[in-house]
Amino acid sequence: MEIINLNDTENKLFYIGGVVRDEILGQKSFDIDLTYVGNAIEFAKTLEGIEILKINEPFGTVRIKANGREVDIASTRKEIYERPGHLPTVTEIGCSLKDDVLRRDFTINALAKNYNTGEIIDYTGGLEDIKSKTLKVLHDNSFVEDPTRIIRALKFAVRFNFSLDEHSKKLRDDYLKNINYDMSFKRVKKELTETFNLNSQRAYDEFIEAGIYKLVTEKEVKKQNINIENLINKYKSLINPSNIWLIYLATIGDLSKLELTKEEKKILDDFESIKNIELNTDFDTYKAFENKHPETILIYGILKDLIPAINYIENLKNIKIEITGEDLQKLGVKPSPKYKECFDKILEAKCYNSNLTKQDEIMIAKEYFDI
Ligand code: CTP
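Residues numbered from 1 in each chain as written. Predicted model: local features only at pLDDT ≥ 70, side-chain atom pairs only at ≥ 80, totals over all residues. Heavy atoms only, no water.

K.L.:
Quick one: what's the story with the pattern of salt bridges, residue by residue and with numbers?
P.N.:
Where side chains of opposite charge bring their charged atoms close, a pairing between them can arise. Counted by the stated rule, this structure contains 38 salt bridges. Between Asp99 and Lys78 there is a salt bridge whose closest N-O contact spans 3.6 Å. Taken together, the positions of Asp99 in helix 3 (residues 97-102) and Lys78 in strand 6 (residues 77-80) put the pair 21 residues apart, joining distant regions of the chain. In this structure Asp99 comes out as partly exposed when scored by relative accessible area, which is 30%. For Glu194, the salt bridge goes to Lys190, with nearest N and O atoms at 3.2 Å. (Salt bridge = Lys/Arg side-chain N within 4 Å of Asp/Glu carboxyl O. Helix = DSSP H or I, 4+ residues; strand = E, 2+ residues; numbered from the N terminus. Buried < 20%, exposed > 50% of the residue type's maximum accessible area, 1.4 Å probe, protein only.)

K.L.:
Go over the layout of surface pockets, please, and point to the residues and values.
P.N.:
What the largest pocket holds in volume is close to 1,600 Å³. Forming the boundary of the largest pocket are 44 residues, of which Asp33, Arg77, Arg104, Arg152 and Lys190 lie nearest the centre. A per-element tally of the lining of the largest pocket places helix 6 (residues 148-160) first, with six residues. Taken together, 14 residues make up the lining of the second largest pocket; nearest its centre are Ala250, Gly253, Asp254, Leu268 and Glu272. Contributing elements (two or more residues each) for the lining of the second largest pocket: helix 12 (262-274) and helix 14 (294-303). The element best represented in the lining of the second largest pocket is helix 12, accounting for five residues. (1 Å grid on protein atoms, 1.4 Å probe; cavity = no way out; pocket = protein on both sides within 12 Å on 5 of 7 lines; lining within 4 Å. Points joined across faces, edges and corners; volume = space filled by probe spheres on them.)

K.L.:
Describe the site of the ligand, with residues and values.
P.N.:
Around the ligand there are 15 residues in total, and Arg21, Asp105, Asp146, Arg152 and Arg159 lie nearest to it. At 2.8 Å, a side-chain N or O of Arg21 approaches an oxygen atom of the ligand. Within the side chain of Asp146, one N or O atom sits 2.7 Å away from a nitrogen atom of the ligand. Contact with the protein chains covers 82% of the free accessible surface of the ligand, which is 560 Å². The pocket occupied by the ligand, as judged from atoms lying within 2 Å of grid points, is the largest pocket. Within the residue set of the shell around the ligand, elements represented by two or more residues are helix 1 (18-25) and helix 6. Looking at the shell around the ligand element by element, the count peaks at six residues for helix 6. The residue makeup of the shell around the ligand, split by class, is two nonpolar, four polar and nine charged. (Near = heavy atom within 4 Å. Polar contact = N/O pair within 3.5 Å; in protein donor to acceptor, adjacent residues only side chain to side chain. Areas by Shrake-Rupley, 256 points an atom, 1.4 Å probe, with all protein chains shown as cover. Sits in = over half its atoms within 2 Å of the grid points. Nonpolar A, V, L, I, M, F, W, Y, C, P; charged D, E, K, R; others polar.)

K.L.:
Kindly report on the packing of aromatic side chains, identifying the contributing residues and their values.
P.N.:
Counted according to the given criterion, the structure contains 15 aromatic pairs. A ring pair is formed by Phe106 and Phe156, whose centres lie 6.2 Å apart and whose planes are at 80 degrees; its orientation type is edge-to-face. Of the two residues, Phe106 is situated in the loop between helix 3 and strand 8 (111-114) and Phe156 in helix 6; the sequence distance between them amounts to 50 residues. Here Phe106 matches Phe156 in class, with each residue buried. With centroids separated by 5.0 Å and ring planes inclined at 90 degrees, the aromatic side chains of Tyr368 and Phe369 adopt a geometry described as edge-to-face. Take Tyr368: its relative accessible area is 27%, and that puts it in the partly exposed class. Looking at Phe369, the relative accessible area reads 19%, which means it is buried. Aromatic ring contacts, followed pair by pair, group Phe106, Phe143, Phe156, Phe160 and Phe162 into a single cluster. Directly above the aromatic system of Tyr181 lies the positively charged group of Lys257, at a separation of 4.4 Å from the ring centroid. (Phe/Tyr/Trp six-rings, centres within 6.5 Å; stacked < 30°, edge-to-face > 60°. Lys NZ or Arg CZ within 6 Å of the ring centre and 35° of its normal.)

So, in structure tokens, the structure goes:
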């Protein structure tokens, strides 16, 4: 994993957090985080053959490009949570490595690896917890200071098949009984998307059963009796992978605390607009689901009725009429809103008999316009 050509023999540079955990687990890491015992920004300026991409002075972090890869180097730092649930404030830059790891979320994320020697530094028992597949917070106030860690625990539990230890679980449950909603929901949303985009029924079951959903809504939520993971897997090719989380979270019914993108809003608004329509015929179903995101249709399937949702995705969606406005003009019909009514009549007929040919469609049009 040599990234920076270092001739520094002070042993002040360490791989830190997820990258060390992932290497021990034999998993691919998303990004490489390094920490420098001291001021990382000053340190980066002394490096040769690298490019400095971004400096965050208050946090003492710097992003560099080295050997074609982007790497974050943080200064070892101490933090306090002046407003629990929000980003912490840095109180010291250049503290000891031990103090730096002690501000982190779980023991498995508090491992460091010496950049020069490869020695693993484990101040909190992270190695043992990786072995026993355990997620353990580093102190009793961890979830109070940063409730997003409750969702992070779920994410790591699902990603690595780990479990929260009993004490951390009790701390989580205590917090969930007394939530302080003055928190950064932007961070909550980030963790929710990362967790639920993993498409895991286990995450959903725990999210509801343990009451983790209470971080998102103050209303009571019941678990849906459907395996959402299987449903999504079945129709994966139709879904935007970054919207998977929304299919799960839609079951909460109230996402008003989260800031949604335009597309996310549309997916949910469209569900609201169709959820009370009576679907008595295939044509009703076709019209209700026509031009809707597949995500909306799956949400309908989960929350309202699976049968029409599947019927639309598997059958009705593929029904298209062949006749065009040009064909109607050729029949001598002047363009008017009647065109649309006629097309709908043909579509309705095709919903009952998808084998109708273009000739059949023209016959229906002639009948409609009394030609
Ligand atoms: N961290 C934390 N509390 C948080 C978020 C992050 O203590 N709420 C710490 C953890 O030590 C974590 C590190 O910051 O390892 C980097 O955070 P992030 O990149 O979000 O996590 P990774 O562990 O790298 O996980 P991923 O593989 O999902 O990127």
